[in-house]
Amino acid sequence: MPNLLKLDVSYNNFEHIELVGIWRQCHLKELSVSSNHFGGEMIGPSSNTSECSHYALEVLEADGNELNGSIPESLGRLRSLEALDLSDNKLTGSVPTFLGNLTKLDLYYNQFSGSIPESLGRLTGLTYLDLQSNLLTGSIPESLGRLTGLTYLDLQSNLLTGSIPESLGRLTGLTLLNLQTNRLTGPFPESLGRLTGLTLLYLKSNLLTGPIPVTVGKLTKLVNLDVSENSLEGVVMEAHFANLSMLLSLDTSANHKLIFNVSHEWIPPFQLRNVQLSSCKIENGFPHWLQNQRKLVSLELSNTSLYGPLPTWLRNMSMIASLDFSNNKLIGSLINLPLSEYTRIILLQHNLFNGSIPRSMCRRRRLVILDVSSNRLSGNIPDCLENLQDMRMLILSSNGLSGVLPSSFGNIYSSLEWLKLNDNNFNGQLPRDLGKLRDLKLLDLGGIPHSLCQCSDLCILDIAHNNLIGSIPHCFGEMSGMIEARDENYRQYYEDTDVIDVIQVMKGIELDYTTTMGLVVNMDLSSNKLIGEIPPEITALAMLMGLNLSHNHLSGSIPDSIGNMKALNSLDFPDNQLTGTIPPSMAALNFLSSMNLSYNKLSGRIPTGKQLQTLNDPSIYAGNRDLCGAPLPNNCSNLENPPATRSKKKYKKANGLRKVWFYLDITCGFATGFWGIIVVLAFKKEWRRKLFMIAEVTMDKVYVAVAVRISKIKRGRRDAK
């Protein structure tokens, strides 16, 4: 087909790239074979010039095909090639240097390694360079500063080191510069202030130091500025934003030494949609310049040293969907919160807010996350929560809330995943409808209703440090969220969720889980007043990583089937009244790295073998005087069966007392009978005479009987002779 100039066979199921026959089309100018999932190594044009002495191909798009291996050098024969897109494959090796006339090079999301070649600086016609999400190392070449026609430069998500070259300031046509998620060091170059055409600047997640240069204020077309997660310092003033009239998104978060110091009278030239200043320091109190930002959608000011009450003008910001004022010293009531139909996330934890939860919260039907924990809120929880049908996380713990829990909790059944109400002053009974929360994955509320067993997705149950009474429900063994492994989608959801974290006590210490929360399966019932035995059904929770029943009043023995809990990392049963021996099946817990069975009434030999051998701290068995064997000093040969020995001693002691009472009874009976007869005979003469007559007659009969018997024996002997 000599007249074929453009061929697009994207999104098909060709197994090999050569099946398309592209290298026989000498006159072809544009070829797209994207998303065919070829697999295998990439094959370039043949070196046999009899097929094609010259290729006219200008555009080659082979992205999304799972190609592996290195880029074949035979691609260098494509002298007319201007645009090469091999992104989203599994190509390895180094970035090619044999492509001489490119205007676009897209190698995004592969496995290229080594350094970025200096020779790329010779591709003077290059306008688009995307090397993001590879394994590139070394520094950014100074030679890239010679690519003056470059408009798009993306090197994010590699392993690049060194400083940002000042030469990049010569790329005045650049509209996007993305260097985030590398290991770049040194200062924020002042020369970047000369990139007057720049609209997107991303330097996030590096190791940059020093101040943000005031020259940033000259980037008049800048729309997004993200310098978060670095070590920048110094003061940010009005001059930094003097000419940024087009700025929509500003993110300087996680630069702990960066200080914002602008006057209350300052009116910024921009209308931001996203402001993220978390973990920077804001001076002069709540930033008044925000009241002019009428289009704000996301406002994150966590851990910024804010103090005082919320300003009244804040409630007029009607477009805010995500609000984070956590970890500050804000006081007063919540009536000035900017609540609207767009509100999705409100994070106010770790402040000093007081008063009650406004009923106006219930009108925000799209609210997904509400966290007001660790404040000084009081009063009842509004009974209109059933209106919040999109709610997924409701965290009200560590306040002074009181009253009865509203029954409407159970009516948020369609979405609620986290519910934390602990450390408050609630009274009355727990709502029975809690069992309707079928998607619940984390519960911390201060009670154990049996209906919780219906929460099939529950993977963290934390009701520690309350005054709970009663026994552990046997139906806990039916919680499928602690029995079955979670799929990859579940884990990925929590990796992508960074608005919240979970603190769990495991291995005796507090552990903070954020993106790894999807991997945690934990049950903490410690420090309550629970009684009864540990239900053997609980050992069916095969995915449980931590089980803490410490500081209760549990009795009975440790279930023999505890060895079925193969995923256990942490096991804490101290300060109870458990008896019996330690089950040998515990030796099968191969992942157990922390255990505490101290201060119970356990007895017998401590099991040995496998993982238990590594738990050699005697304190984990302290307070069980009848335990023996390593790592305790008591030798089991001397205490082979202490409970049985003690029982024998008790038996001997009790048996001795019985013998004393037996002989005492006989003596008393004999004395009573003997002296009773003697006294009667002494006073009754006739009875005495008859008694002696009977005795005399009896003696005569006995004498005659004996004499006759002896006479017969003698006569028998004589006859025998």
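Residues numbered from 1 in each chain as written. Predicted model: local features only at pLDDT ≥ 70, side-chain atom pairs only at ≥ 80, totals over all residues. Heavy atoms only, no water.

**Comments concerning the overall build of the chain**
Counting secondary structure elements, the chain contains 3 helices and 43 strands. Scored against the burial criterion, the 721 residues of the chain give a buried share of 49%. Partitioning the intrachain contacts of the chain with sequence separation of at least 6 by distance along the chain shows that 51% fall at a separation of at least 24. Summed over its atoms, the accessible surface of the chain is roughly 34,900 Å², and 52% of this surface lies on carbon and sulfur atoms. (Helix = DSSP H or I, 4+ residues; strand = E, 2+ residues; numbered from the N terminus. Buried < 20%, exposed > 50% of the residue type's maximum accessible area, 1.4 Å probe, protein only. Contact = heavy atoms within 4.5 Å. Areas by Shrake-Rupley, 256 points an atom, 1.4 Å probe, with all protein chains shown as cover.)

**Describing a positive patch on the surface**
Among the surface-exposed residues, Arg 709, Lys 712, Lys 714, Arg 715 and Arg 718 lie close enough to one another that they form a single positively charged patch. Counting through the fold element by element, Lys 714 comes out in helix α3 (residues 685–720). We classify Lys 714 as exposed; its relative accessible area is 52%. (Patch = residues over 30% accessible without salt bridge, like charges linked within 9 Å, V, L, I, M, F, W, Y side chains within 5 Å. Salt bridge = Lys/Arg side-chain N within 4 Å of Asp/Glu carboxyl O. Lys, Arg positive; Asp, Glu negative; His and termini not counted. Charge placed at Lys NZ, Arg CZ, Asp CG, Glu CD.)

**Observations concerning the sheet that holds strand β14 (residues 209–210)**
Taken in spatial order, the 4 strands line up as β14-β16-β18-β20 in an open sheet, and their pairing is parallel. In the strand order of this sheet, the two ends are held by β14 and β20 (281–282), each with one partner. (Pairing = 2+ DSSP bridges.)

**A closer look at a negative patch on the surface**
On the surface, Glu 118, Glu 142, Glu 166 and Glu 190 cluster together into a patch of negative charge. Here Glu 190 is to be found in the loop between β12 (176–178) and β13 (200–202). Accessibility expressed as a relative area gives 54% for Glu 190, which makes it exposed.

**Structural notes on the pattern of salt bridges**
Summed over the entire model, instances satisfying the criterion amount to 4 salt bridges. Here Arg 344 makes a salt bridge to Asp 390, at a shortest N to O gap of 3.8 Å. Of this pair, Arg 344 sits in the loop between β24 (329–332) and β25 (345–347) while Asp 390 sits in the loop between β28 (376–379) and β29 (393–395); the two residues are 46 residues apart in sequence, bridging distant segments of the chain. A relative accessible area of 30% places Arg 344 in the partly exposed class. Of the charged contacts in the structure, one is a salt bridge between Glu 417 and Arg 392, with a shortest N-O distance of 3.6 Å. With Glu 417 in the loop between β30 (400–404) and β31 (418–420) and Arg 392 in the loop between β28 and β29, this residue pair connects regions lying 25 residues apart in the sequence.

**Structural notes on unusual backbone geometry**
The peptide bond linking Ala 630 to Pro 631 adopts the cis configuration, its omega dihedral lying at 5°. Tracing the sequence through the fold places Pro 631 in the loop between β43 (626–628) and α2 (642–683). Even without glycine at this site, Ser 133 takes up a positive phi of about 60°. Its location among the elements puts Ser 133 in the loop between β9 (128–130) and β10 (135–137).

**Some words on the nonpolar core**
Nonpolar side chains in soluble globular proteins tend to be buried together. Grouped together as the largest cluster of nonpolar side chains are 165 residues, with contacts concentrated most on Leu 177, Phe 286, Phe 325, Met 523, Leu 547, Phe 573 and Met 595. Those residues within four positions of Leu 177 in sequence are excluded, and the remaining contacts are Leu 153, Leu 168, Leu 192, Leu 195, Leu 198, Leu 200, Leu 201 and Tyr 202. By size, the runner-up hydrophobic cluster in this structure holds 7 residues, among which are Leu 347, Val 368, Met 393 and Ile 395. (Core = buried A, V, L, I, M, F, W, Y, C linked by side-chain atoms within 4.5 Å.)

**Details of the pairing of strand β26 (residues 352–355)**
Two elements, β24 and β26, share 2 bridges in a ladder whose sense is parallel. The partner of Ile 331 across the bridge, within β26, is Leu 352. Pairing of β26 with β28, which is carried by 2 bridges, proceeds in the parallel orientation. Note that in β28 the partner of Gly 355 across the bridge is Leu 377.

**Brief notes about the packing of aromatic side chains**
This structure, assessed with the given rule, holds 9 aromatic pairs. For the pair Phe 270 and Trp 289, a centre-to-centre distance of 6.3 Å together with 80° between the ring planes defines the contact as edge-to-face. Of the two residues, Phe 270 sits in the loop between β18 (257–260) and β19 (274–276) while Trp 289 sits in the loop between β20 and β21 (298–300), which places them 19 residues apart along the sequence. With a relative accessible area of 1%, Phe 270 lands in the buried category. By relative accessible area, Trp 289 is classed as buried at 5%. Judged by centre distance (5.9 Å) and plane angle (70°), the rings of Phe 286 and Trp 313 are edge-to-face. One end of the pair, Phe 286, is in the loop between β20 and β21; the other, Trp 313, is in the loop between β22 (307–309) and β23 (322–324), and 27 residues separate them in sequence. (Phe/Tyr/Trp six-rings, centres within 6.5 Å; stacked < 30°, edge-to-face > 60°.)

**A closer look at the sheet that holds β43**
Strand order in this open sheet of 3 strands is β40-β42-β43, and the pairing throughout is parallel. The sheet is open, and its two borders are formed by β40 (579–580) and β43, each paired with just one other strand. In this sheet, strand β42 (residues 601–605) lies alongside β40 in parallel orientation, the contact comprising 2 bridges. Looking at β42, one finds that Gly 580 is bridged to Leu 602.

**Quick word on the confidence of the model for the chain**
Taken residue by residue, the chain gives an average pLDDT of 84. The fraction at 70 or more is 84%. Here residues 639–652 is a poorly scored stretch, pLDDT under 50, and it has 6 contacts once near neighbours within four places are set aside; other chains count. (pLDDT = per-residue confidence, 0-100.)

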